[in-house]
Amino acid sequence: MNQWYRTIQNMVLEIDRCIKSNNDEALTLAHLAGTLGYSEYYLSRKFREISGMQLRDYLRFRRLAFALKDVRDTESGLLDIALNYGFSSHEAFSRAFKEAYGLTPSEYRQKPVPVVLRTVIKPFDCYLLGIGGTGMASENNQIKTYFVTIPAHKFLHIRNYESIGYWDFWQKQSLIPGQDCETICGLLESIRGKLDDTGGDEADSSTGQLMAFINEPTGRICSWGIPLAEAYGVRLPLDYAGEIPPQMLLMDVPEGEYIVFEHGPFDFETENAAVEAKIEQAMKEFDYPASGYVLDTAPGRVFYFYHDCRHFWKYVRPVKKVNA
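First, a word on scope: everything that follows refers to the structure included in this document. (Residues numbered from 1 in each chain as written. Predicted model: local features only at pLDDT ≥ 70, side-chain atom pairs only at ≥ 80, totals over all residues. Heavy atoms only, no water.)

## A short note on the pairing of strand 10 (residues 312-321)
Counted only if it meets this: Relative accessibility decides the category of a residue: with a 1.4 Å probe and only protein chains considered, values under 20% of the type maximum give buried, values over 50% give exposed, and everything between is partly exposed. Helix and strand definitions follow DSSP, with helices as H or I runs of at least four residues and strands as E runs of at least two, each counted in order from the N terminus. Being paired, for any two strands, means DSSP has found at least two bridges between them.
Extensive coverage of strand 10 is indicated by the burial of eight of its ten residues. Across three bridges, strand 8 (residues 293-295) lies against strand 10 in antiparallel orientation. Within the sheet, the bridge partner assigned to Tyr293 lies in strand 10 and is Lys321. When strand 9 (residues 302-308) meets strand 10, the two strands line up antiparallel, connected through five bridges. Bridge assignment links Tyr304 to a residue of strand 10, and that residue is Val316. What sits between strand 9 and strand 10 in their antiparallel hairpin is a turn of three residues.

Right, here's the structure in full:
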């Protein structure tokens, strides 16, 4: 069954590539089926079975998500945006936009409030499928360690004081109205000005302080305070003044020094567990006394975690100078 999840994931990635390149001819069931080597009927049935929605609905919502960002971030005419994303007229675009988001494109452009976008479907999520690499990590990719200063910023998020990990977090959040993964990620994706563009899903829970798991651009995950809690959100500029979704919290994170443990690109399916063990070992063995720093576990400090196998895996842990 994993192969079908992977196939649908490839299909989802192909859909986004076609939307970004305005390749409408390739955004047909016939083309997608031909590209993946299946019949239209079988591929359509499998897409619905795995994603829980019709392919045509997914295509419409993804087109609207891309179009919304153009309405929000560019000065392009609304008709041009409509035509770029496959809508036959301004009226058709406006009608679909309002049906999806509750306001017209022109209303949204005047006041870009948070709305729930249709984020990318992730049927081949290795964490949720329980896979993630049992092979060896490349010996050519060693852990880099360095110090950085992160400016003050804001963190918009939800919290759960009882969850024990990525999967469990979203299982518990799904029981709270408006805090399921699809809704939260859709809201965060629609917010302009996020500071991070790449991602991750886990964090070190040893200190009980705020640990932000930086996930994909749609969202970030973290842990907060004593007693330990996990959270999911996005980093925003310190001067962010936009609307805050009612089910979310906004906190200030002060400027601080951090130590980064970073591993380069790797293959999730074959190397993930080994890379994680490699980083954990590097953090355990790091000689803090020789560096002149110690971990800073004061309330309000943030433990960031970036996980993007195409680019890197890194922990960003708060530190302070000895005797500072």
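There's plenty left to go through after this.
## A few points about unusual backbone geometry
Phi is positive for Asn22, close to 55°, though the residue is something other than glycine. Along the polypeptide, Asn22 turns up in the loop between helix 1 (2-20) and helix 2 (29-36). The exposure class of Asn22 is partly exposed, given its relative accessible area of 40%.

## Let's talk about helix 6 (residues 90-101)
Applied cut-off: Each helix should span, by expectation, one fewer than its residue count multiplied by 1.5 Å. The contact definition used throughout considers only heavy atoms, calling two residues in contact when any of these lie within 4.5 Å.
End to end, helix 6 covers 16 Å across twelve residues, agreeing with the expected 16 Å (1.5 Å per residue, within 8%). Contacts made by the buried residues of helix 6 are with helix 4 (55-73), helix 5 (78-84) and helix 7 (105-110). Gly102 sits one or two residues past helix 6 and shows a positive phi near 85°.

## Structural notes on the nonpolar core
Within soluble globular proteins, side chains that are nonpolar tend to cluster in buried spots. This is how it is decided: By nonpolar core we mean a set of buried residues, namely Ala, Val, Leu, Ile, Met, Phe, Trp, Tyr and Cys, connected to one another through side-chain atoms within 4.5 Å.
In terms of nonpolar packing, the biggest core is built from 39 residues, with Ile8, Met11, Ile15, Phe47, Phe93 and Tyr101 touching the most fellow members. Listed by contribution, the elements that provide at least two residues to this core are helix 1, helix 2, helix 3 (40-51), helix 4, helix 5 and helix 6. Of all the elements, helix 4 adds the most residues to this core, at nine residues. The residues contacting Met11, other than those within four sequence positions of it, are Leu32, Leu36, Leu43, Phe47 and Leu55.

## Let's talk about helix 10 (residues 181-189)
Within helix 10, seven of the nine residues are buried, leaving the element largely enclosed by the surrounding structure. All of the buried residues in helix 10 are Thr183, Ile184, Cys185, Gly186, Leu187, Leu188 and Glu189. Contacts made by the buried residues of helix 10 are with helix 4, strand 2 (153-160), helix 9 (166-173) and strand 5 (229-236).

## Topic: the packing of aromatic side chains
Quick note on the threshold: Think of it this way: a Phe, Tyr or Trp ring, Trp meaning its six-membered ring, pairs with another when their centres are within 6.5 Å, and the plane angle makes it stacked under 30 degrees, edge-to-face over 60, tilted otherwise.
Under the criterion given, the structure shown has 16 aromatic pairs. Centroid distance Trp4 to Tyr38: 4.6 Å. Interplanar angle 40°. Geometry classified as tilted. Residue Trp4 is found in helix 1, and its partner Tyr38 is found in the loop between helix 2 and helix 3; the two are separated by 34 residues along the sequence. Tyr38 sits in the partly exposed class, given a relative accessible area of 30%. With a centroid separation of 5.7 Å and 35° between ring planes, the pair formed by Phe266 and Trp313 is classed as tilted. Taken together, the positions of Phe266 in the loop between strand 7 (256-263) and helix 11 (268-285) and Trp313 in strand 10 put the pair 47 residues apart, joining distant regions of the chain. The same class applies to Phe266 as to Trp313, namely buried. Ring-pair connections join several aromatic residues into one group, and the members of that group are Phe87, Phe93, Phe97, Tyr101 and Tyr108.

## A few points about the pairing of strand 5
For strand 5, the buried fraction is high: eight of the eight residues fall into the buried class. One ladder, built from seven bridges, connects strand 2 with strand 5; its direction is antiparallel. Following the sheet pairing, Ile158 is matched in strand 5 by Tyr232.

## Considerations on the pattern of salt bridges
Operational definition: Throughout this description, the term salt bridge denotes a Lys or Arg side-chain nitrogen within 4 Å of a carboxyl oxygen of Asp or Glu.
Evaluated as defined, the whole model comprises 13 salt bridges. Of the charged contacts in the structure, one is a salt bridge between Asp57 and Arg60, with a shortest N-O distance of 3.1 Å. Placement of both Asp57 and Arg60 in helix 4 is noted, with a separation of three residues, approximately one turn of the helix. Of the charged contacts, one joins Glu243 and Lys111 as a salt bridge, the two residues approaching to 3.3 Å between their closest N and O atoms. A residue pair is termed long-range when its members are at least 10 positions apart, and Glu243 in the loop between strand 5 and strand 6 (249-253) and Lys111 in the loop between helix 7 and helix 8 (126-129) qualify at 132 residues.

## Section: the side chain of Gln179
Along the chain, Gln179 falls in the loop between helix 9 and helix 10. If sequence neighbours within four positions are ignored, Gln179 has contacts with Ile158, Trp170, Gln173, Ser174, Ile184 and Gln247.

## Here's the deal with the environment of Leu55
With respect to the helices, strands and loops of the structure, Leu55 is situated in helix 4. You can call Leu55 buried: its relative accessible area is 7%. Setting aside its immediate chain neighbours within four residues, Leu55 contacts Met11, Ile15, Leu29, Leu32 and Phe47.

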